[in-house]
Amino acid sequence: MMRMICVRIPQKKRIFEIPGPRVVKDILAETGHRPATVIVTMGKQLLTRDHRVADGETIDIISVVSGG
Amino acid sequence: MKCKRCRKATAAIELRSHNATFCPDCFFIFFRRQVEEGIRKQRLMSRADRVLVCVSGGKDSLVLWDELLEMGYDAEGLYISLGIPGYSDRSKEKVIAFAEARGKKAIIVDLCDEGVPIPEAARANKKHECSVCGAIKRHFFNRVAAEGNFTVVATGHNLDDESGRLLGNVLHWQKSHIARQHPLLPAAGEGLVRKVKPLWRLSEQETASYAFLKGIDFVIEECPMSEHATSLIFKEALSIIEDRMPGSRMAFYTGFLDLGNPVREAMGRAAAESGEFEPRPKDDGTPAGTHLCDRCGAPTLAQTCGYCRMKAKTVERAAQDAEKKTTEAQKASGKETA
Ligand code: SF4
Ligand SMILES: [Zn+2]
Ligand SMILES: [Zn+2]
Ligand SMILES: [Zn+2]
């Protein structure tokens, strides 16, 4: 089985895989997220846009936009 | 990417609007300075104040409470349970856990116990949930503040909220709203407490990063009513501009604040002239014609305040519904025995 990057979007309850390695900025562009509206995390770590994500790693894309 | 402040640690966050990158420790220093500057520049409050922080269980208000406690403010949390099934229970749990971890106990008002859960209050008063919600929350901010001798009420509104609201107000030239938009709403006479928004300099991404790096557990789901919030459209528009031109949001909002009172006063006058409702304030700041509500004692322009009238309708409607149910049940059981 091929190892890939696991991308989770918890607020939308979505999980999918993409082939790595890939820079955060590109992952956001490909999944249609504007950088200012999300934070990207891996475990307890906050990732900057230039961070290179490797195959086998799991990242979360969390929307920061609140309603009220 | 390295932290531009200490030049040693790996950066965890890149803020293009500030042309900066920070490691977690340096980011907390930056965050503190922004809150301090926001408070100082607009003279929101001082360490002598007793602060009531309105917490919803969402990130912004919990971050605000956390930061004010760390800054040494005398700050207590008020949680208003809106009576929205599921969402209210989950957000309340987060607030209770957050407070406990800091040796605090949140003040909790349950709108079900008060007879005005938001969904029922909206139906009985034929208004949108968010409009009854706003009025009911304001009522309790003032009431709890008066009962607990708080001198100021603080909410977690951030730069994205405030700049988005300003865009909406300007786009529709809502003059009376522009006149009142400010991170500081002064106390007005008896019963209307001062209201402040200490996070007005911080973006939503910054509050979310703070919450994440500090391990603050907040509800990630939104209030189900917020889906139709038009405010999201203005926020989105500004975030598109912000992506292309970092710093635009801050420039837009601080530019407005820098124009100062004359512009807001002119907006208020224009609103009054064009017939938008804008009661003229008395010397002590309370709107003219204000007296105390005959039921709850809150300041109001009518005999009974808006909250008490809303509550009366909601309770009446609930009683009617209950009666209907009993008659239906009686009919059904009558059929069975027949
Ligand atoms: S979205 Fe509307 S109903 Fe929900 S908390 Fe905000 S104002 Fe209240
Ligand atoms: Zn640093
Ligand atoms: Zn309840
Ligand atoms: Zn009243």
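Above this text you will find the structure in question.
All of these numbers come straight from a predicted model, not from anything done at the bench.

Enquirer: Which parts of the structure should I look at to understand the overall build of chain A?
Expert: Helices and strands together make up the secondary structure of chain A, namely one helix and seven strands. In chain A, the succession of helices and strands from N to C terminus is β-β-β-α-β-β-β-β. Relative to a compact globule of 68 residues, whose C-alpha radius of gyration would be 11 Å, chain A shows 12 Å and is just as compact. Projecting the C-alpha coordinates of chain A onto the three principal axes gives extents of approximately 45 × 25 × 25 Å. When each of the 68 residues of chain A is scored for burial, the buried share is 44%. Here chain A displays about 3800 Å² of accessible surface, and carbon together with sulfur accounts for 53% of that area. If you average the places of the 11 positive and of the 7 negative side-chain charges in chain A, the two averages end up 7 Å apart.

Enquirer: What is the right way to read the nonpolar core from this model?
Expert: Residues and elements named next belong to chain B. Formed by 56 residues in total, the largest nonpolar core has its most connected members in Met45, Val51 and Leu68. In terms of residue count, the dominant contributor to this core is helix α1 (residues 24-41) (six residues). Filtering out sequence-adjacent residues up to four positions away, Met45 remains in contact with Ile39, Val51, Leu68, Tyr73, Val152, Arg194, Val196 and Pro198. Of all hydrophobic cores here, the second largest spans 30 residues; its members include Leu78, Phe140, Cys305 and Tyr307.

Enquirer: Sorry, what's going on with the coordination of the zinc ion (ligand 4) here?
Expert: Each angle at a metal carrying four tetrahedral donors should ideally be 109.5 degrees, and each at a metal carrying six octahedral donors should ideally be 90 or 180 degrees. All names here are of chain B. Around the zinc ion (ligand 4), the donor atoms from the protein are Cys293 (SG), Cys296 (SG), Cys305 (SG) and Cys308 (SG), and they sit 2.3 Å away. Each of the four donor atoms bound to the zinc ion (ligand 4) contributes to angles spanning 106 to 113°, and the resulting shape is tetrahedral. Counting gaps between the donor residues of the zinc ion (ligand 4) yields the pattern C-x2-C-x8-C-x2-C.

Enquirer: Mind showing me how you'd approach the coordination of the zinc ion (ligand 2) here?
Expert: All names here are of chain B. The zinc ion (ligand 2) binds to the protein through Cys3 (SG), Cys6 (SG), Cys23 (SG) and Cys26 (SG), with metal-donor distances spanning 2.3 Å. Around the zinc ion (ligand 2), the four donor atoms sit at angles spanning 99 to 117°, and that spread fits a shape best called tetrahedral. For the zinc ion (ligand 2), the single-chain donor residues occur in sequence as C-x2-C-x16-C-x2-C. According to the relative accessible area criterion, Cys6 is partly exposed, its value standing at 25%.

Enquirer: Where do I start with the sheet that holds strand β7 (residues 184-185) of chain B in this structure?
Expert: Strand-to-strand pairing in sheets goes through backbone hydrogen bonds, with the strands running parallel or antiparallel. Residue and element names in this part refer to chain B. The mixed open sheet is built from six strands, whose spatial order is β5-β4-β3-β6-β8-β7. Two strands close off the open sheet at either side, each with one partner strand: β5 (107-110) and β7. The strands touched by helix α5 (residues 129-147) within the sheet are β3 (50-55), β4 (74-81), β5, β6 (152-154) and β8 (194-196), with β4 carrying the most contacts at an inclination of about 140°.

Enquirer: Mind showing me how you'd approach the packing of aromatic side chains here?
Expert: What characterises a pair of aromatic rings is the spacing of the ring centres plus the angle enclosed by the ring planes. Residue and element names in this part refer to chain B. One pass over the structure, following the stated rule, counts ten aromatic pairs over all chains. Relative to Phe28, the ring of Phe27 has its centre 6.2 Å away and its plane inclined at 45°; by these criteria the two rings are tilted. One aromatic cluster is present, formed by Phe22, Phe27, Phe28, Phe30, Phe31 and Tyr210 through successive ring pairs. Sitting over the face of the ring of Phe150, Arg50 holds its NZ or CZ atom 4.1 Å from the ring centroid. Positioned over the ring face of Phe28 is Lys214, at 5.6 Å from the centre of the ring.

Enquirer: What is the right way to read the sheet that holds strand β7 (residues 58-63) of chain A from this model?
Expert: The five strands lie next to each other as β2-β1-β7-β4-β5 (chain A), forming an open sheet whose pairing is mixed. Across the chains shown, the open sheet's two edge strands, defined by having one partner strand only, are β2 (14-18) and β5 (45-47) of chain A. Recorded for the sheet is a direction-independent mean angle of 30° between the axes of neighbouring strands. Direction of pairing for strand β1 (residues 5-9) of chain A relative to β2 of chain A: antiparallel, over a ladder of five bridges. Pairing of Cys6 of chain A across the sheet is with Glu17 of chain A, part of β2 of chain A. Contacts between helix α8 (residues 204-213) of chain B and the sheet are confined to β4 (38-42) and β5 of chain A, with β4 of chain A contributing the most and set at about 20° to the helix.

The rules behind each value
- Position numbers for residues start from 1 in each chain and track the written sequence from start to end.
- Written order determines the labels here, with chains lettered from A and ligands numbered from 1.
- Local features in this predicted model are restricted to residues of pLDDT 70 or higher, and side-chain atom pairs are both shown and tallied only at a pLDDT of 80 or more, whereas totals for entire chains, interfaces and linings draw on every residue.
- Computation of side-chain values covers all heavy atoms of the structure but excludes hydrogens and water.
- Think of it this way: any DSSP run of H or I at least four residues long counts as a helix, any run of E at least two long counts as a strand, and we number them from the N terminus.
- Put simply, the radius of gyration uses C-alpha atoms, and a globule should come to 2.2 Å times the residue count raised to 0.38.
- Relative accessibility under 20% of the residue-type maximum defines a buried residue, over 50% an exposed one, and the middle range a partly exposed one, all with a 1.4 Å probe and only protein chains included.
- Surface accessibility in these figures is a Shrake-Rupley result with a 1.4 Å probe; residues are shielded only by whichever protein chains are displayed.
- By the counting scheme adopted, Arg and Lys are positive, Glu and Asp are negative, and His together with the chain ends is not counted.
- To locate a charge, the coordinates of NZ of Lys, CZ of Arg, CG of Asp or CD of Glu are taken.
- In plain words, nonpolar cores are sets of buried Ala, Val, Leu, Ile, Met, Phe, Trp, Tyr and Cys residues tied together by side-chain atoms within 4.5 Å.
- Contacts are residue-level and defined by heavy atoms, with any inter-residue pair within 4.5 Å sufficient.
- Atoms are scored as donors when they are N, O or S and lie within 2.8 Å of the metal, with 3.2 Å used for Na, K and Ca; no water is included, so coordination may look incomplete.
- Irregular is the default label, applied whenever a site is not tetrahedral (four donors, all angles between 85 and 135 degrees) and neither square planar nor octahedral (four or six donors, opposite donors over 155 degrees apart, all other angles between 65 and 115).
- Being paired, for any two strands, means DSSP has found at least two bridges between them.
- Axis angles are defined between N-to-C directions and span 0 to 180 degrees, where every axis is a line fitted to C-alpha atoms and, for a helix, only to the segment in contact.
- Aromatic pairs are defined between Phe, Tyr and Trp rings, using the six-membered ring for Trp, whenever the two ring centres lie within 6.5 Å; interplanar angles under 30 degrees are classed as stacked, those over 60 as edge-to-face, and all others as tilted.
- Only lysine NZ and arginine CZ atoms are considered, and such an atom sits over a ring when it is within 6 Å of the ring centre and within 35 degrees of the ring normal.

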